[in-house]
Amino acid sequence: MPAWSGPIRAKSLVRANLEKPATSLQSRMPNIKVFSGTSHPDLAQRIVDRLGIDLGKVVTKKFSNLETCVEIGESVRGEDVYIVQSGSGEVNDNLMELLIMINACKIASASRVTAVIPCFPYARQDKKDKGNGNGKKEADEREMIKKNNEWKFRSRAPISAKLVANMLSVAGADHIITMDLHASQIQGFFDIPVDNLYAEPAVLKWIKENIPEWKNSIIVSPDAGGAKRVTSIADRLNVEFALIHKERKKANEVASMVLVGDVKDRVAILVDDMADTCGTICHAAEKLMEAGATKVYAILTHGIFSGPAINRINNACFEAVVVTNTIPQDGHMKDCTKIRCIDVSMMFAEAVRRTHNGESVSYLFSNVPY
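Residues numbered from 1 in each chain as written. Predicted model: local features only at pLDDT ≥ 70, side-chain atom pairs only at ≥ 80, totals over all residues. Heavy atoms only, no water.

- Where an unreviewed UniProt entry is consulted, the chain appears under the name Ribose-phosphate pyrophosphokinase 2, with the organism given as Diaphorina citri.
- Recorded under Catalytic activity (unreviewed entry), the UniProt text for the chain is reproduced unchanged: "D-ribose 5-phosphate + ATP = 5-phospho-alpha-D-ribose 1-diphosphate + AMP + H(+)".
- Word for word, the UniProt comment on the chain under Sequence similarities (unreviewed entry) is "Belongs to the ribose-phosphate pyrophosphokinase family." (UniProt positions renumbered as here; feature names shortened; annotations may be inferred.)

1. Focus: the overall build of the chain
Here is step 1: A tally of helices and strands in the chain yields twelve helices and 14 strands.
Here is step 2: When burial is assessed residue by residue, the chain has 47% of its 370 residues classed as buried.
Here is step 3: A fraction of 64% describes how many contacts in the chain between residues 6 or more apart in sequence connect residues 24 or more apart.
Here is step 4: Here the chain has roughly 19200 Å² of accessible surface; of this, 51% comes from carbon and sulfur atoms. (Helix = DSSP H or I, 4+ residues; strand = E, 2+ residues; numbered from the N terminus. Buried < 20%, exposed > 50% of the residue type's maximum accessible area, 1.4 Å probe, protein only. Contact = heavy atoms within 4.5 Å. Areas by Shrake-Rupley, 256 points an atom, 1.4 Å probe, with all protein chains shown as cover.)

2. So, the packing of helix α3 (residues 41-51) against helix α12 (residues 345-356)
Here is step 1: Contact geometry for α3 and α12: axes closest at 8 Å, N-to-C directions at 55°. Taken together, the axis directions place α3 and α12 in an arrangement best described as oblique. Taken as a pair, α3 and α12 cross one another with a handedness that is right-handed. Residues L43, R46, I47, R50 and L51 of α3 pack against S345, M346, F348, A349, V352 and R353 of α12.
Here is step 2: Of the residues contributing to the contact of α3 with α12, the split by class is seven nonpolar, one polar and three charged. (Axes fitted to C-alpha atoms, helices over the stretch in contact; angles between N-to-C directions. Parallel < 35°, antiparallel > 145°, perpendicular 65-115°, else oblique. Left-handed = near helix turned anticlockwise from the far one by under 90°. Nonpolar A, V, L, I, M, F, W, Y, C, P; charged D, E, K, R; others polar.)

3. Observations concerning the pairing of strand β12 (residues 295-303)
Here is step 1: Buried residues dominate β12, accounting for eight of its nine residues.
Here is step 2: Pairing of strand β11 (residues 267-275) with β12 involves eight bridges; the strand directions are parallel. For I269, the partnering residue across the bridge sits in β12 and is Y297.
Here is step 3: On the question of chirality, the crossover connecting β11 to the parallel β12 by way of helix α9 (residues 279-290) is right-handed.
Here is step 4: For the segment spanning β12, helix α10 (residues 309-315) and strand β13 (residues 320-324), crossover handedness is right-handed. (Pairing = 2+ DSSP bridges. Right-handed = clockwise from strand over helix to strand, strands pointing away.)

4. Points about empty space enclosed by the protein
Here is step 1: Under the defined criterion, the tally for this structure stands at one cavity of 30 Å³ or more.
Here is step 2: If you trace the largest cavity, you find it lined by Q85, S86, G87, V91, N94, L95, L98 and P121.
Here is step 3: Class assignment of the residues belonging to the lining of the largest cavity gives a composition of four nonpolar, four polar and no charged. (1 Å grid on protein atoms, 1.4 Å probe; cavity = no way out; pocket = protein on both sides within 12 Å on 5 of 7 lines; lining within 4 Å. Points joined across faces, edges and corners; volume = space filled by probe spheres on them.)

5. With respect to the nonpolar core
Here is step 1: I207 and I219 are the most contacted members of the largest nonpolar core, which totals 43 residues.
Here is step 2: In terms of residues, this core owes the most to one element, α12, which gives six residues.
Here is step 3: Of the domains in this structure, domain 1 (32-126 + 156-197) and domain 2 (199-342) are the two that each give at least three residues to this core.
Here is step 4: Here I219 is in contact with V230, I233, A234, L237, V239, E240, F241, A242, I269 and V271, once residues within four sequence places are set aside.
Here is step 5: Residues I102, A115, A123 and A165 belong to the second largest nonpolar core, which totals 31 residues. (Core = buried A, V, L, I, M, F, W, Y, C linked by side-chain atoms within 4.5 Å. Domains from an automatic or database assignment.)

6. Some details on helix α8 (residues 227-237)
Here is step 1: Of all the residues in α8, the buried ones are V230, I233, A234 and L237. Along α8, the residues classed as buried sweep out an arc of 100° about the axis, all on the same side. Every exposed residue of α8 that faces more than 90 degrees away from the buried side is listed here: K228 and D235. (Arc of directions from axis to C-beta.)

7. With respect to the pattern of salt bridges
Here is step 1: Counted by the stated rule, this structure contains 17 salt bridges.
Here is step 2: In this structure, R46 and D42 form a salt bridge, with 3.1 Å as the shortest nitrogen-oxygen distance. Remark: D42 and R46 occur in helix α3; sequence separation between them is four residues, near one turn of the helix.
Here is step 3: With relative accessibility at 37%, the residue R46 sits in the partly exposed group.
Here is step 4: By relative accessible area, D42 is classed as partly exposed at 38%.
Here is step 5: Of the charged contacts, one joins E71 and K61 as a salt bridge, the two residues approaching to 3.6 Å between their closest N and O atoms. Residue E71 is located in strand β3 (residues 68-72), and its partner K61 is located in strand β2 (residues 58-62); the two are separated by ten residues in the primary sequence.
Here is step 6: Residue class for K61 comes out partly exposed when judged on its relative accessible area of 39%.
Here is step 7: Here the salt bridges share partners, and the residues they tie into one network are E350, R353, R354 and E359. (Salt bridge = Lys/Arg side-chain N within 4 Å of Asp/Glu carboxyl O.)

Given below as structure tokens:
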């Protein structure tokens, strides 16, 4: 046998393996398991119903000292595991529960662990705030702190979103699926793949089906940071957009607002990624009505609604405040009849299915799966 026949045989074997049909790869793909944390079991159930599978068995409890204990109730060895946990409610407890669940699956030999986090916790702490930058002496700054009862050394603030990203990676997460990150650069905080889904397709569908005068509407951003979001929606609806410039004196308090754009005799649709205490959107709604808008709608991806939010919405001039179910909304809808909910479980279910099957997820960036 010639000396070169060995290498040729090796090359032919490699070529034969590469030319095998994709079905052989598909057959080796691990089975799928979906588990739910305690933050949003209803969304997790809707996802598995859409996928046509059962929710994985998991027991979550707390010890008397409030430590979280998680027990996975079935084998995950070699499985493709998805853990659904939203950053809502008791945020710190839910985050810790998610980390423990990821680690429990990872050390139980799961093939891949994907964290499905509809509302990413600590997403608003994505950068350092600007310092005073005015060259004042420390004595002046100390006097300012004493006078305003507010901490001013903001240049030493943490970047907590990066810390959460590190924690998820160290816990063992191989992949993250989330929706409408407060700042898109958070994807860059991870060294693992992050699929940031958009609520925009579902929002467009809701506007066309529920606002009869949508062709005479104007899309409004309540702050400069959301300009890109509203221009995208306005382009797809072929309507105009406006912007509200706001100045804050301190967190959760808006000092002044300036409307840029003409809303007179139009339906104004406020669009934002999240609403917490709702001070901003309620002030924005008043500003729009003063400027001559006929109706005001608010469409928000993540309706956190903490503190006085529900009372503010009840007293505001909204026709409807529309949110998605990335955060549980049943209690909020009972307390406020203006709140409407868009179900986005099918988008997460389709993202899970496509990820499991190795398909592209980018279709979901501009389409709603039916």
